[in-house]
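A structural walkthrough
So the chains spell out like this:
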Amino acid sequence: MSAIRAIPVIAVLVTTTAVMGAGASKVLAKLSSVQFPHERHARLFDTCDACHGGVRQAGGRTFPDPSFCAACHDGNVQPRIEWSPPTEPPATNLRFDHVEHPAIDCANCHQEPGAERMAVQRAVVGQCTPCHGLEDPHYGSVETDCSTCHLALAEATRLTGGDIAAFPAPPAHAEPGWAERGGHGLQAYEPVEAPAPAGVAAACATCHARDFCIQCHVDAPEQPAIQALQPDSRSLIHEAALQGPTTHRDPDFLQRHGDLVQRTPTECRTCHTSETCLECHIGTPEVARDLLPAGPGRGIGAIVQRAPPASHQGGFRDRHASAAAAAPQTCAGCHVRSDCLDCHRPSAASASPGYHSADFLSRHPSAAYAREGSCSDCHNPMAFCATCHQTAGLVAQRDLGSGYHDAKQFFVVGHGQAARQSLETCVSCHTESDCLTCHSALAGRGFNPHGPDFDAERLRKRNSEVCAACHGTAIPGSP
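A few points on the structure. (Residues numbered from 1 in each chain as written. Predicted model: local features only at pLDDT ≥ 70, side-chain atom pairs only at ≥ 80, totals over all residues. Heavy atoms only, no water.)

1. A look at the overall build of the protein
Applied cut-off: The helix count covers DSSP runs of H or I at least four residues long, the strand count covers runs of E at least two residues long, and both are numbered beginning at the N terminus. Only protein chains enter the accessibility calculation, which uses a 1.4 Å probe; a residue whose area is less than 20% of its type maximum is buried, one above 50% is exposed, and one in between is partly exposed. Any pair of residues with heavy atoms lying within 4.5 Å of one another is described as a contacting pair. The method behind every accessible area is Shrake-Rupley, applied with a 1.4 Å probe, and residues are considered shielded solely by the protein chains displayed.
The secondary structure content of the protein amounts to 23 helices and two strands. The 479 residues of the protein split such that 23% are buried. The contacts in the protein between residues at least 6 apart in sequence include a share of 60% that link residues at least 24 apart. Accessible surface for the protein amounts to roughly 31600 Å². Of this, 57% is attributable to carbon and sulfur atoms.

Below, the structure is given as structure tokens:
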């Protein structure tokens, strides 16, 4: 070491306000927080081995012993410097071992080409790729086997979220369509020539973990490439936003998406859960049979908000009845019976007038008799109608007695036509026994209930039990 002291040296730190002399032994600075100034020691050391020779030996020291530095920095020859070598490995994802590179000169990896001697850097990546036969520049290709030099993200445990956030994205990630299945999806799998091409490409595993993919992928548990990644919450420092593919931006996509789902259901379940379909297709849950339900380990998937199609605009409420009657299966794709009943049979507590106008109660008898609509679609005549009629006293009090029909004198004379026209209106108050008081071949008054052109033989062959209600076992024409 005495030979080294005889060589003129350059002070390690010049940014000090201390005065050399009697206090030269005073500690001037702590070098642990300052990068070592290799250039200032270029005249002292002809090779890097003087300080870092241990890196070429398995288990050797990467940095010199502090006593080696103190030989010069003793407070007399040079200012004393407090320094201690790092006690923990650096925060890095490099898969590099100096012992495996014994024939490579240090400057090849730690200096830019043409730089002055001892202009040292931690690592010059551009010097590594040519040696390993990688023609593309660093980050230049997603097909590069990054595992040659880098650990997978889950293995680089000393990296912080900030370190991971600083990773530059490869140029391919900015290409149009990269986020779609034909972009990153095809690149995510390891090369086809691999023995088991079901794993994940090393390039993806270098920067990403399973948690990152789950931000979008509903089908994450079914994707081998995603399952090949280790879980690591640090990967969420890169936020992923689920965006619809270009096909979803077509103006008519909503009208034709059903055909696409039937042809390629596996593509849809990448981003859509079965709950996504049921947001709209309440009435036909079977359309979601090929999709996956939401659950742990899966992405939330696309968020769909139910909205009426363009056909429902412009006064569709007033004309929806004809559309529903012409193609009820179309309506059933999104609607269930309860949707109709919200308007067509509102609750008593509802402030909405519902399907009928405010004055409909006063004219509903004529509307029911004229069959303006099918009352039984929403109402049970025996229960709904009778409840109100009984309260108002409009009931059959005795055979052919007073009641609802008092407003029309001699209604009994023409009641047959009314019954044939709207029998369901009659049964809201009457039962079969009321009719049999007169219209029975057994104990009634013998009035024939059959109208003109009644084909008794045809009815008997079709359902003789109907005849038995009046004729008992003595049905005319029976053997």
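2. Focus: the side chain of Thr270
Applicable threshold: Two N or O atoms count as a polar contact when they lie within 3.5 Å, although within protein this holds only if one can serve as hydrogen donor and the other as acceptor, and sequence-adjacent residues are included solely when both atoms are side-chain atoms.
Relative to the helices and strands, Thr270 resides in the loop between α12 (265-268) and α13 (274-278). Thr270 gets classed as buried once you look at its relative accessible area, which sits at 11%. Separated by 3.4 Å, the side chains of Thr270 and Asp219 make a polar contact. Among residues more than four places away in sequence, those in contact with Thr270 are Arg181, Cys216, His217, Val218 and Asp219.

3. Details of the nonpolar core
Quick note on the threshold: In plain words, nonpolar cores are sets of buried Ala, Val, Leu, Ile, Met, Phe, Trp, Tyr and Cys residues tied together by side-chain atoms within 4.5 Å.
Of all hydrophobic cores here, the largest spans 11 residues; its members are Ala188, Val200, Ala201, Cys204, Ala205, Phe212, Cys213, Ala220, Ala225, Ile226 and Leu229. Leaving out residues up to four positions away in the same chain, Phe212 has contacts with Ser235, Leu236, His238 and Ala240.

4. So, the environment of Glu465
Here Glu465 shows up in helix α23 (residues 464-471). The spatial distance from the C-alpha of Glu465 to the C-alpha of Ile475 is 9.5 Å, given a sequence separation of 10 residues.

5. Describing the pattern of salt bridges
Side chains that differ in charge, positive against negative, can pair when their charged atoms come close. Our working rule: One speaks of a salt bridge when a side-chain nitrogen belonging to Lys or Arg is within 4 Å of a carboxyl oxygen belonging to Asp or Glu.
Taken as a whole and assessed by the stated rule, the structure comprises 10 salt bridges. A single network of salt bridges, built from pairs that share partners, joins Asp250, Asp252 and Arg256.

6. What to know about the side chain of His73
Following the sequence through the fold, His73 ends up in the loop between α3 (66-70) and β2 (81-82). A polar atom in the side chain of His73 sits 2.9 Å from the backbone oxygen of Pro79.

7. Notes on a nonpolar patch on the surface
Put simply, the rule reads: Patches in this entry comprise residues that are over 30% relatively accessible and not in a salt bridge; like charges within 9 Å are linked, as are nonpolar side chains (Val, Leu, Ile, Met, Phe, Trp, Tyr) within 5 Å.
Judged by side-chain polarity, Phe410, Val412 and Val413 come together as a nonpolar surface patch covering roughly 330 Å² of accessible area. Within the secondary structure, Val413 sits in helix α19 (residues 411-421).

8. Quick look at the state of the cysteines
What counts here: Cysteine sulfur atoms that pair up within 2.5 Å are treated as a disulfide.
A full pass over the atoms with the stated rule returns zero disulfides. A disulfide-free cysteine, Cys106 has its sulfur positioned 4.1 Å from the sulfur of Cys48, the nearest such atom.

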